[in-house]
Every structure is written in structure tokens, then in C-alpha cells.
Amino acid sequence: MKRIAVFASGNGSNAENLINYFRENDLADVSLVLTDNPKAKVISRAEKLFVPHVVITPQELSNGSVLERLKKNKIDFVVLAGFLRMVPKNIVEAFKDRIINIHPALLPSYGGKGMYGINVHKAVVDAGENETGITIHYVNENYDDGDIIFQTTTDVYPDDTPEDVAEKVHALEKQYLPQITEELLEEL
Ligand code: GAR
């Protein structure tokens with residue numbers, strides 16, 4: 001059984017979806033949820049589902065103690081699901097090809113610092129795009145920059161609000177993030 005850690009900074013709906021998906025699956029389970037935000041809703045989601053969770057500080061992220069915790073918990077694979085901070089080099093290197101991020105747009109467009117959640121969908125609507133989508137990619141030391149593993153699209157209509165776009169993108173995330181994670185775990 002492979003052990004997955006999920007990092008999330010906010011709502012945590014993707015984290016919850018991953019937890020539930022892998023509960024039904026013998027390949028892996030979500031063994032640890034990490035958040036940098038003590039007020040994040042992901043904490044109550046993890047509690048409700050009895051998944052160990054921990055609040056981490058920026059210092060712990062950069063000074064090696066988060067990496068130690070991942071090792072101590074025998075984590076095989078890391079998913080960033082709405083995690084706002086840059087992951088430091090020590091974690092990226094230790095989890096080479098075993099750490100992925102989900103981004104709510106079609107990278108390389110609408111990525112980079114500050115491009116998070118609804119900000120991304122506002123930018124897509126403001127630019128008059130007629131499609132957007134999701135990107136699942138490996139994590140490297142730069143925001144939204146690692147090799148792309150998977151992308152899929154959804155239409156954006158002229159009268160769509162950023163919230164409408166968010167809903168369509170979330171539906172794609174729910175459908176594909178667990179599935180792609182599973183495929184990658186099968187190759188480990
Ligand atoms: C998701 O849409 C995810 O793609 C996005 O944050 C949202 C988190 O939702 N990530 C980024 O924008 C990363 N740049 P959730 O907390 O409900 O899973």
C-alpha cells in the first residue's frame with residue numbers, strides 16, 4: 001500500500017476527494033494532510049475522515065522538518081492540491097517524479113505567483129478566453145513550472161462568471177486528479 005501526503009492551503013475539496021477515492025482502492029491511501037494555514041477548511045475535512053493532519057510553518061517547510069515528517073510517515077507520493085507556498089528544493093529533490101500539483105488552468109497560461117484559485121478564473125474571464133481547463137504537472141522549484149503530465153479543457157462562454165468557470169474546473173479536478181494520481185502510483 002503506497003502512502004500519499006496531500007498539501008493544501010484552503011478549502012480542501014480536492015484533498016477530501018483524494019481521501020475518499022483511495023479509501024476504495026488497494027493501491028494507496030492518503031496517510032497525511034499538511035496545511036500551512038491553521039484556519040483552512042481542509043483541517044475539518046481531514047478530521048471528519050480520520051486522516052492525520054498537521055499545520056506546518058514556513059520555517060518547518062524550509063528547514064527540513066517537513067521533509068523529515070514525510071520520511072517518518074513513510075510517504076511515497078505527494079500531491080499539492082491548492083497549496084499556496086513554494087515547495088523547497090530539499091522536498092522537490094527527495095520526491096523527484098513523486099510530487100505533483102494541480103493547477104486550475106491550461107499552463108503555461110495563467111500560472112505563476114499569485115495565480116491561485118479564483119484569481120486564475122478571473123484572469124481567464126477578463127481575457128475573453130473561450131476555453132480553460134486543468135493541468136496536472138510535476139513540481140519543481142518554480143511556481144507552476146514542472147513537466148506537464150495531463151491537461152484537459154472545458155468551454156468558457158461569454159456570459160460565464162469566474163465562479164461559473166471555477167465550478168467547471170472543479171468538476172474536472174474531481175474527475176481527473178485521483179485517476180492521474182493512481183496511474184502515476186501504478187508506475188512507482
Ligand atoms: C483548486 O482549484 C486547485 O487547482 C487550485 O486551488 C484550488 C483548491 O481547491 N490550485 C491553484 O490555484 C495552485 N496554483 P480545493 O482547496 O477545494 O481543493
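See the structure above.
Please read these numbers as outputs of a predicted model, since none were measured by experiment.

Hey, could you run me through the site of the ligand in this one?
Around the ligand lies a shell of 13 residues, among which Gly12, Ser13, Asn14, Gly117 and Glu173 are the nearest. Within the side chain of serine 13, a nitrogen or oxygen atom sits 2.6 Å from an oxygen atom of the ligand. At a separation of 3.2 Å, a nitrogen atom of the ligand approaches a polar side-chain atom of histidine 103. Protein chains shield 94% of the accessible area of the ligand, which is 450 Å² for the free molecule. Elements represented by at least two residues in the shell around the ligand include exactly helix H1 (13-23), strand E5 (99-103) and helix H7 (162-187).

Help me understand unusual backbone geometry in this model?
Glycine aside, the phi torsion of most residues is negative, and most peptide linkages are trans. Leucine 107 connects to proline 108 through a cis peptide bond whose omega is 10°. Its location among the elements puts proline 108 in the loop between E5 and helix H6 (118-126). Phi is positive for aspartate 97, which is not a glycine, with a value near 65°. Looking at where aspartate 97 falls in the secondary structure, it is placed in the loop between helix H5 (89-94) and E5. Residue tyrosine 110 is not a glycine yet carries a positive backbone phi of 55°. Within the fold, tyrosine 110 resides in the loop between E5 and H6.

I'm lost on the side chain of threonine 132 in this one. Help?
Mapped onto the secondary structure, threonine 132 falls in strand E6 (residues 131-138). Judged by relative accessible area, threonine 132 falls into the buried class, the value being 3%. Setting aside residues up to four positions removed in sequence, threonine 132 forms contacts with Pro104, Ala105, Leu106, Val124, Thr152, Thr153, Thr154, Val156, Val165 and Val169.

What should I look at first to understand the nonpolar core in this one?
Nonpolar side chains tend toward joint burial in soluble globular proteins. Ranked by internal contacts, the top residues of the largest apolar core, which has 38 residues, are Ile4, Val6, Val30 and Val79. Sorting elements by how many residues they give to this core places H7 first, with eight residues. Judged by nonpolar contacts, the second largest core, of 20 residues, contains Ala5, Val54, Leu67 and Val78.

Even after reading the chapter, I still don't get the packing of aromatic side chains, so can you show me in this structure?
Aromatic rings in a pair are described by how distant their centres are and how their planes are angled relative to each other. Under the counting rule described, the total for this entry stands at three aromatic pairs. With a centroid separation of 5.0 Å and 75° between ring planes, the pair formed by tyrosine 21 and phenylalanine 22 is classed as edge-to-face. On the basis of relative accessible area, phenylalanine 22 is assigned to the buried category, the value being 1%. With 4.9 Å between their ring centres and 35° between their planes, phenylalanine 150 and tyrosine 176 make a pair best called tilted. Of this pair, phenylalanine 150 sits in strand E7 (residues 148-155) while tyrosine 176 sits in helix H7; the two residues are 26 residues apart in sequence, bridging distant segments of the chain.

Where do I start with the pattern of salt bridges in this structure?
Two side chains bearing opposite charge may form a pair once their charged atoms approach each other closely. If you walk through the whole model with that rule in mind, you get six salt bridges. Here glutamate 93 and lysine 89 are joined by a salt bridge, their closest N and O atoms 4.0 Å apart. Of this pair, glutamate 93 and lysine 89 are both found in helix H5, four residues apart, which corresponds to roughly one turn of the helix. Lysine 89 gets classed as partly exposed once you look at its relative accessible area, which sits at 47%. Between lysine 168 and aspartate 160 there is a salt bridge; the shortest N-O distance is 2.5 Å. Lysine 168 sits in the partly exposed class, given a relative accessible area of 21%. Taking relative accessible area as the criterion, aspartate 160 reaches 11% and is therefore assigned buried. Several salt bridges converge on common partners, so that one network encompasses Glu16, Arg45 and Lys48.

Explanation requested: the pairing of E5 in the structure shown.
One face of the sheet, then the other: side chains in a regular strand alternate in exactly this way. Most of E5 is tucked away, with five of its five residues classed as buried. Going residue by residue along E5, you find Ile99, Asn101 and His103 tucked away on one face and Ile100 and Ile102 tucked away on the opposite face as well. In this sheet, E5 lies alongside strand E4 (residues 77-80) in parallel orientation, the contact comprising three bridges. Pairing of leucine 80 across the sheet is with asparagine 101, part of E5. Considered for its hand, the β-α-β crossover made up of E4, H5 and E5 is right-handed. Bridge count between E5 and E6: four bridges; the pairing is antiparallel. Across the sheet, residue isoleucine 100 finds its bridge partner in E6, namely tyrosine 138.

About the cut-offs
Residues numbered from 1 in each chain as written. Predicted model: local features only at pLDDT ≥ 70, side-chain atom pairs only at ≥ 80, totals over all residues. Heavy atoms only, no water. Near = heavy atom within 4 Å. Polar contact = N/O pair within 3.5 Å; in protein donor to acceptor, adjacent residues only side chain to side chain. Areas by Shrake-Rupley, 256 points an atom, 1.4 Å probe, with all protein chains shown as cover. Helix = DSSP H or I, 4+ residues; strand = E, 2+ residues; numbered from the N terminus. Buried < 20%, exposed > 50% of the residue type's maximum accessible area, 1.4 Å probe, protein only. Contact = heavy atoms within 4.5 Å. Core = buried A, V, L, I, M, F, W, Y, C linked by side-chain atoms within 4.5 Å. Phe/Tyr/Trp six-rings, centres within 6.5 Å; stacked < 30°, edge-to-face > 60°. Salt bridge = Lys/Arg side-chain N within 4 Å of Asp/Glu carboxyl O. Pairing = 2+ DSSP bridges. Right-handed = clockwise from strand over helix to strand, strands pointing away.

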